[in-house]
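Reading the structure
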Amino acid sequence: QVQLVESGGGLVQAGGSLRLSCAASGRSFSTYGVGWFRQAPGKEREFVAGVTWTGGNTYCEDSVKGRFTISRDNAKNTVYLQMNDLKSEDTAVYYCATGPRIYYYPSRAQYSYWGQGTQVTVSS
């Protein structure tokens, strides 16, 4: 079992920044990849960014490239999502997810464990 807890969400003005954290506990999962997803009201949950836990490769959805950065601190079992130049379109609940054998990071079906989500609201 893997437990994931997101934190760092909040209310920010357009153009501002937030750093989200995804802390993992419960067992060793150093070979698992991690993805960030978000879900806005009335929309399906969509992929934002992903990172291999040990390989150092990252993947980002086109709309956030250049603004969002995913990173990891394996010593703390934590993955981060640095969000800069936030826009109103970024308003959503943000979730982190993980699991074994993630070969295509944008696919929700490939993740076994999900956090509870953290709300990000961007005001104009």
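Above this text sits the structure in question.
The following paragraphs examine the structure supplied in this document.

The rules behind the values
Residues numbered from 1 in each chain as written. Predicted model: local features only at pLDDT ≥ 70, side-chain atom pairs only at ≥ 80, totals over all residues. Heavy atoms only, no water. Helix = DSSP H or I, 4+ residues; strand = E, 2+ residues; numbered from the N terminus. Buried < 20%, exposed > 50% of the residue type's maximum accessible area, 1.4 Å probe, protein only. Contact = heavy atoms within 4.5 Å. Core = buried A, V, L, I, M, F, W, Y, C linked by side-chain atoms within 4.5 Å.

1. Some words on the environment of Lys87
In this structure, Lys87 sits in the loop between β8 (78-83) and β9 (92-99). What makes Lys87 partly exposed here is its relative accessible area of 36%. Considered as a pair, Lys87 and Ser71 are 16 residues apart in the sequence and their alpha carbons are 21 Å apart. If sequence neighbours within four positions are ignored, Lys87 has contacts with Arg67 and Val122.

2. Here we look at the nonpolar core
Counting residues in hydrophobic clusters, the biggest one holds 26 residues, and the most contacted among them are Trp36, Val48, Phe68, Val79, Leu81, Met83 and Tyr94. Listed by contribution, the elements that provide at least two residues to this core are β3 (18-25), β4 (33-39), β5 (46-51), β7 (68-73), β8, β9 and β11 (118-123). With 4 residues, the single largest contributor to this core is β3. Those residues in contact with Leu81 that lie beyond four places of it in its chain are Leu18, Arg19, Leu20, Trp36, Val48, Ala49, Phe68, Thr69, Ile70 and Tyr94. By size, the runner-up hydrophobic cluster in this structure holds 6 residues, among which are Phe37, Phe47, Ala97 and Tyr111.

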